[in-house]
Amino acid sequence: PWRQARLFTRYFDFSGGLVAVALRAWLSHIEKVDGNTLRMRWPRRPRTDGLESLRVELRALLVQLVVHKQVGLRRLERISGLTPARLEDELGALVRMGLVRRDARDVLHVDRFVAHLVTDGLRAQGMLA
């Protein structure tokens, strides 16, 4: 029971308390199912210092997306002050990295499965309070 409790605590810490993230991580860490026995890897929280290697413009866009939760493309143009072409280039990079999602109505948001990591990384850099 103690080991199982520690495992659940580890998944809670890994996911930042987000249920969808915890469930996805739980499934991705299954190594083997043998009858009633489930063998799993212990989760390790990913490092967030990789955000430091992003250009400051990309990090600034991530800050805006974290602050506004969801924002339309036209509003993000006004907020960022970037030209539409430049904004498309920058957002394209963030989408390809899997950090940002865009819906059919051009509403943008940080991907829900990495949002807690992005937020932690930006806080560690002093870009968010």
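Our structure's up above, just so we're on the same page.
Digging into a positive patch on the surface
So, step 1. A grouping of Arg3, Arg6, Arg10, Lys32, Arg39 and Arg44 is seen on the molecular surface, where their side chains present a positively charged patch.
So, step 2. Here the positive patch gets three residues from one element, more than from any other, and that element is helix α1 (residues 2–15).
So, step 3. Inspection of the secondary structure assignment puts Arg6 in helix α1.
So, step 4. Taking relative accessible area as the criterion, Arg6 reaches 40% and is therefore assigned partly exposed.

Quick look at the sheet that holds strand β3 (residues 71–72)
So, step 1. Reading across the sheet, the three strands line up as β3-β5-β4 and stay open at both edges, with antiparallel pairing between neighbours. Of all strands in the sheet, those with a lone pairing partner are β3 and β4 (100–102), marking the two edges.
So, step 2. Of the pairings in the sheet, the one linking β3 to strand β5 (residues 107–110) comprises two bridges and is antiparallel in character. In the sheet register, Gly72 faces β5, and the bridge partner there is Val107.

Brief notes about the packing of aromatic side chains
So, step 1. Scanning the model with the defined rule gives two aromatic pairs in all.
So, step 2. Relative to Trp26, the ring of Phe8 has its centre 5.6 Å away and its plane inclined at 5°; by these criteria the two rings are stacked. Here Phe8, found in helix α1, pairs with Trp26, found in helix α2 (residues 19–28); they are 18 residues apart in sequence, far enough to count as distant.
So, step 3. Residue Trp26 is classed as partly exposed on the basis of its relative accessible area of 23%.
So, step 4. In this structure an aromatic cluster arises from ring pairing among Phe8, Tyr11 and Trp26.
So, step 5. Over the face of the ring belonging to Phe113 we find Arg24, whose NZ or CZ atom lies 4.1 Å from the ring centre.

The rules behind each value
- Residues numbered from 1 in each chain as written.
- Predicted model: local features only at pLDDT ≥ 70, side-chain atom pairs only at ≥ 80, totals over all residues.
- Heavy atoms only, no water.
- Patch = residues over 30% accessible without salt bridge, like charges linked within 9 Å, V, L, I, M, F, W, Y side chains within 5 Å.
- Areas by Shrake-Rupley, 256 points an atom, 1.4 Å probe, with all protein chains shown as cover.
- Salt bridge = Lys/Arg side-chain N within 4 Å of Asp/Glu carboxyl O.
- Lys, Arg positive; Asp, Glu negative; His and termini not counted.
- Charge placed at Lys NZ, Arg CZ, Asp CG, Glu CD.
- Helix = DSSP H or I, 4+ residues; strand = E, 2+ residues; numbered from the N terminus.
- Buried < 20%, exposed > 50% of the residue type's maximum accessible area, 1.4 Å probe, protein only.
- Pairing = 2+ DSSP bridges.
- Phe/Tyr/Trp six-rings, centres within 6.5 Å; stacked < 30°, edge-to-face > 60°.
- Lys NZ or Arg CZ within 6 Å of the ring centre and 35° of its normal.

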